[in-house]
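Letter by letter, the chains look like this.
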Amino acid sequence: MGGVLLHMNLSFVQCPDSASTVPGLLSIFHEQEMTETVHDTNGHGYLATFVGKNGRLVILRVHSHGLVTIDLQCYEEDNIAQLDNLLNALEKKLKVLLNGNITRVKRLPALVRGAKVDRYWPTADGRLIEYDIDRVVYEEDSAYQNIKILHSQQFGNILVLNGDVNLAESDLAYTQAIIGSGKENYAGKEVLILGGGDGGILAEVVKQKPKMITMVEISFMKVIDGCKMHMRKTCGNILDNLKGDCYQILVEDCVPVLRKYVREGRTFDYVINDLTAVPISTEPEEDSTWEFLRLILDLSIKVLHPSGKYFTQGNSVNLTEALSLYEEQLGKLSCPVGFSKEVVCVPSYLELWVFYTIWKK
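Computed from a predicted structure; not experimentally measured.

Chemist: I'm lost on the pairing of strand β18 (residues 304–316) in this one. Help?
Modeler: For a regular strand, side-chain orientation follows a simple rule: the groups alternate between the two sheet faces. Note that strand β17 (residues 268–274) and β18 share five bridges and pair parallel. Following the sheet pairing, V271 is matched in β18 by Y310. One ladder, built from five bridges, connects β18 with strand β20 (residues 351–360); its direction is antiparallel. When the sheet's bridge partners are listed, Y310 is paired in β20 with I358.

Structure (structure tokens):
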């Protein structure tokens, strides 16, 4: 049973007098058979809670700086339309009582907490997004991460790894950006993909008939089971087999594989890193994710052909400090590199995303 939160806030030219305002609202609460409890705020405005039938709870707060907030909590099975009417009645009454003193009224859509299907996921820059998710189609835990595939009415199935929206069936823009946005010719080339367990990158690059693609995915078998069943619009049938005419999938940790390739002197025309976004943390010397990112970068550049290219995602365009730190790390590699970046709108992310192209100087 999920809990529902409805919220309304009202801003005023002058702070309303709670002693004259609140009594005018009590009749509305009494009509709903709600009982009032006033709480001591130590002189910081007015705070009261009203408890009614079916577990309904209203929190009324009159702030001393000219703001009134009303939060109404109930169970998902309650009559939401009836509760909307309650907020309508409170708003109408306040407008009468305060006679033009209100400068703004803001109502938020109902938030459902603790529902069977979680519809709320954060963006990389910390904003909360409510998706139109209506069911969980797949969920498993690997030794490394929690794997979910959720169905969205507009984005199709969405792969979510450890609580991060990873890729939706609508997100061809992501895949195209991380393989060069149609500017590269992969025909006859050696390609290394790090991560990419959803199969989208592999499926797109295979179309160009490369010489060989080697894809290394540590938690692949858990991801493949979900994606080959529920992300077919992204991966097609490419995940049905671990080997094909021009590709092989290694279910291994990419670090030992990269080190082996360095020792053997093996090089690739393209290295595509789809392991992780640039860390949000801005402490690169202390965050283990930054350490991992630097290691992958350095090893990848060592196996990159002198005329090759390294593609990777960055992060949200709003995370300017983290992106700048990433670009600083590029100057600390074992050999000098150049880079360019592209900003792309990835539909299911609901934010602009940065992608990098890196090459040896």
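Chemist: Is there a simple way to explain the packing of aromatic side chains in this structure?
Modeler: A ring pair, where both rings are aromatic, is described by two values, the distance of the centres and the angle of the planes. Counted according to the given criterion, the structure contains 10 aromatic pairs. Their ring planes at 10° and their centres at 6.0 Å tell us that Y270 and F311 sit as a pair that is stacked. Taken together, the positions of Y270 in strand β17 and F311 in strand β18 put the pair 41 residues apart, joining distant regions of the chain. One exposure class covers both Y270 and F311, and it is buried. When the ring centre of Y261 is taken as reference, the NZ or CZ atom of R266 above it lies at 4.8 Å.

Chemist: What is the right way to read a nonpolar patch on the surface from this model?
Modeler: On the surface, M221, L242 and V251 cluster together into a nonpolar patch covering about 220 Å² of accessible area. Structurally, the position occupied by L242 is in the loop between α6 (232–235) and β15 (243–244).

Chemist: Mind showing me how you'd approach the pattern of salt bridges here?
Modeler: Opposite charge on two side chains makes pairing possible when the charged atoms of those side chains draw close. Using the criterion set out here, one finds 17 salt bridges in the structure. As a salt-bridge pair, E140 and K222 come within 3.7 Å of each other at their nearest N and O atoms. With a gap of 82 residues between them, E140 in strand β9 (residues 133–141) and K222 in helix α5 (residues 220–230) connect regions that are remote in the sequence. Among the residues examined, E140 registers a relative accessible area of 32% and is labelled partly exposed.

Chemist: When you look at the UniProt feature "active site" (unreviewed entry) in the protein in this model, what are you seeing that I'm missing?
Modeler: Under the feature "active site" (unreviewed entry), the UniProt entry names D274. Its relative accessible area of 10% is what places D274 among the buried residues. Aside from chain neighbours lying at most four places away, what touches D274 is Y174, I178, L194, G195, G196, D198, I201 and Q313. Within polar-contact distance, the side chain of D274 engages the side chain of Y174 at 2.4 Å.

Chemist: Would you take a moment to explain the domain arrangement of the protein for this structure?
Modeler: By a widespread convention, an interface's size corresponds to the accessible area lost as its parts come together. Once the domains are mapped, the protein shows domain 1 (3–112), domain 2 (117–165) and domain 3 (170–360). One C-alpha centre belongs to domain 2, the other to domain 3; they are set 21 Å apart. Contacts between the two partners involve 20 residues from domain 2 and, on the opposite side, 23 residues from domain 3. When the two sides are added together, the surface that domain 2 and domain 3 hide from each other amounts to roughly 1,800 Å², 65% of it contributed by carbon and sulfur. Per-residue buried area on domain 2 facing domain 3 is highest for A124, Y138 and F155; these three make up 30% of the total on that side. Taken together, the connections running from domain 2 to domain 3 amount to two salt bridges. For the side of domain 2 that touches domain 3, the secondary structure elements donating two or more residues are β9, β10 (146–152) and β11 (156–161). Take the side of domain 2 that touches domain 3: its biggest share by element is four residues, from β9. Across the side of domain 2 that touches domain 3, the residue classes tally to 12 nonpolar, four polar and four charged.

Chemist: What is the right way to read unusual backbone geometry from this model?
Modeler: For residues besides glycine, phi is generally negative; the peptide bonds are generally trans as well. Here the phi dihedral of E33 falls at roughly 60°; this positive angle occurs in a residue that is not glycine. Position of E33 relative to the elements: it lies in the loop between α1 (18–31) and β2 (35–39). Under the relative-accessibility criterion, E33 is labelled exposed at 58%. Even without a glycine there, the phi angle at S181 is positive, about 55°. Mapped onto the fold, S181 is located in the loop between α3 (172–178) and β13 (190–195).

Chemist: What exactly am I supposed to notice about the side chain of E351 here?
Modeler: Assignment of secondary structure puts E351 in strand β20. On the accessibility criterion, E351 (8% relative accessible area) is buried. Polar side-chain contacts of E351 include one of 2.9 Å to the backbone nitrogen of A124.

Chemist: What exactly am I supposed to notice about helix α8 (residues 288–302) here?
Modeler: For an α-helix, 3.6 residues make a turn, and residues three or four places apart therefore share a direction. With 15 residues, α8 should reach 21 Å at 1.5 Å per residue; the first-to-last C-alpha distance of 21 Å fits that figure. Along α8, the positions that sit buried rather than exposed are W290, L293, I296, L297, D298, L299, S300 and I301.

Chemist: When you look at the sheet that holds strand β1 (residues 3–12) in this model, what are you seeing that I'm missing?
Modeler: Backbone hydrogen bonds hold the strands of a sheet together, and the pairing may be parallel or antiparallel. Within the open sheet, the six strands sit side by side as β2-β3-β4-β5-β1-β6. Their pairing is antiparallel. Lying at the two open borders of the sheet, with one neighbouring strand each, are β2 and β6 (102–113). Here the strands of the sheet are splayed against their neighbours by 15° on average, with no regard to which way each runs. α1 contacts β2, β3 (46–51) and β4 (57–63) of the sheet and is inclined by roughly 165° relative to β4. In the packing of helix α2 (residues 80–98) onto the sheet, contacts are made with β1, β4, β5 (67–75) and β6, and the angle to β1 comes to roughly 15°.

Cut-offs applied
- Residues numbered from 1 in each chain as written.
- Predicted model: local features only at pLDDT ≥ 70, side-chain atom pairs only at ≥ 80, totals over all residues.
- Heavy atoms only, no water.
- Pairing = 2+ DSSP bridges.
- Helix = DSSP H or I, 4+ residues; strand = E, 2+ residues; numbered from the N terminus.
- Phe/Tyr/Trp six-rings, centres within 6.5 Å; stacked < 30°, edge-to-face > 60°.
- Buried < 20%, exposed > 50% of the residue type's maximum accessible area, 1.4 Å probe, protein only.
- Lys NZ or Arg CZ within 6 Å of the ring centre and 35° of its normal.
- Patch = residues over 30% accessible without salt bridge, like charges linked within 9 Å, V, L, I, M, F, W, Y side chains within 5 Å.
- Areas by Shrake-Rupley, 256 points an atom, 1.4 Å probe, with all protein chains shown as cover.
- Salt bridge = Lys/Arg side-chain N within 4 Å of Asp/Glu carboxyl O.
- UniProt positions renumbered as here; feature names shortened; annotations may be inferred.
- Contact = heavy atoms within 4.5 Å.
- Polar contact = N/O pair within 3.5 Å; in protein donor to acceptor, adjacent residues only side chain to side chain.
- Domains from an automatic or database assignment.
- Buried area = accessible area lost by both parts, 1.4 Å probe.
- Nonpolar A, V, L, I, M, F, W, Y, C, P; charged D, E, K, R; others polar.
- Expected span 1.5 Å × (residues − 1).
- Axes fitted to C-alpha atoms, helices over the stretch in contact; angles between N-to-C directions.

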